[in-house]
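Given next are the chains, with one letter for each unit.
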Amino acid sequence: MSNIYGNEEFGFEALSTTSFTDQGYKVVVQVVRLNQEAIVSYYDAAREGAKVDFENRVLALLGCEFIDGRRPRGATVTQCVSEIFTVVTMERVEEGTEP
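So, here's what we can say about the structure. (Residues numbered from 1 in each chain as written. Predicted model: local features only at pLDDT ≥ 70, side-chain atom pairs only at ≥ 80, totals over all residues. Heavy atoms only, no water.)

**Focus: the overall build of the protein chain**
Right, so step 1: Scanning the protein chain for helices and strands turns up two helices and five strands.
Right, so step 2: Overall, the protein chain shows an N-to-C arrangement of helices and strands of β-β-β-α-α-β-β.
Right, so step 3: Projecting the C-alpha coordinates of the protein chain onto the three principal axes gives extents of approximately 45 × 30 × 20 Å.
Right, so step 4: Taking all 99 residues of the protein chain together, 28% fall into the buried category.
Right, so step 5: Taking the intrachain contacts of the protein chain between residues at least 6 apart in sequence as the baseline, contacts between residues at least 24 apart amount to 48%.
Right, so step 6: Accessible surface computed for the protein chain: about 6,700 Å², of which carbon and sulfur atoms make up 46%.
Right, so step 7: On the protein chain, the mean spot of the 9 positive side-chain charges and the mean spot of the 16 negative ones are 5 Å from each other. (Helix = DSSP H or I, 4+ residues; strand = E, 2+ residues; numbered from the N terminus. Buried < 20%, exposed > 50% of the residue type's maximum accessible area, 1.4 Å probe, protein only. Contact = heavy atoms within 4.5 Å. Areas by Shrake-Rupley, 256 points an atom, 1.4 Å probe, with all protein chains shown as cover. Lys, Arg positive; Asp, Glu negative; His and termini not counted. Charge placed at Lys NZ, Arg CZ, Asp CG, Glu CD.)

Now the structure itself:
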């Protein structure tokens, strides 16, 4: 399985992924490195007040399920340093099931 998402027009590489279950939620944390075009897109979105659109694009490439056009609650994309971002998603896990 490739850890490259998107293409040269907007893409990123997953550097690290970990997950754990806490208080009934499965939490997935990914560290990604954006390519140059995605970084430009991020800065443009920040300048235009459209960070949510940028975050949704990243989450969609990672396969997050959008219901009625809304992203999952508990999903976030945060810049750490330069082109390195963290992506965190949380989903409720039913008792007795393994995520």
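**Quick notes on helix α1 (residues 36-48)**
Right, so step 1: Between its first and last C-alpha, α1 extends 18 Å over 13 residues, near the 18 Å set by a 1.5 Å rise per residue.
Right, so step 2: If you follow the buried residues of α1, they end up packed against β2 (10-22), β3 (25-34), α2 (51-61), β4 (76-81) and β5 (84-92).
Right, so step 3: Immediately downstream of α1, the backbone of Gly49 shows phi near 70°, a positive value. (Expected span 1.5 Å × (residues − 1).)

**A few points about the pairing of strand β1 (residues 4-7)**
Right, so step 1: Of the pairings in the sheet, the one linking β1 to β2 comprises four bridges and is antiparallel in character. Considered in β2, the bridge of Asn7 is made with Phe10.
Right, so step 2: Between the antiparallel neighbours β1 and β2 lie two residues. (Pairing = 2+ DSSP bridges.)

**Some words on α2**
Right, so step 1: For α2, the complete set of buried residues consists of Phe54, Glu55, Val58 and Leu59. Burial along α2 is one-sided: seen end-on, the buried residues are contained in an arc of 135°.
Right, so step 2: Tucked inside the fold, the buried residues of α2 contact β2, β3, α1, β4 and β5.
Right, so step 3: A positive backbone phi angle near 90° is found at Gly63, which sits one or two residues after α2. (Arc of directions from axis to C-beta.)

**Re the pairing of β4**
Right, so step 1: As judged from the five bridges shared by β4 and β5, these two strands associate in the antiparallel manner. Within β5, the residue paired with Val77 across the bridge is Val87.
Right, so step 2: Where β4 folds back on β5, the antiparallel hairpin that results is connected by two residues, among which Ser82 adopts a positive phi of roughly 50°.

Functional significance is not addressed by these values, which are geometric in nature.
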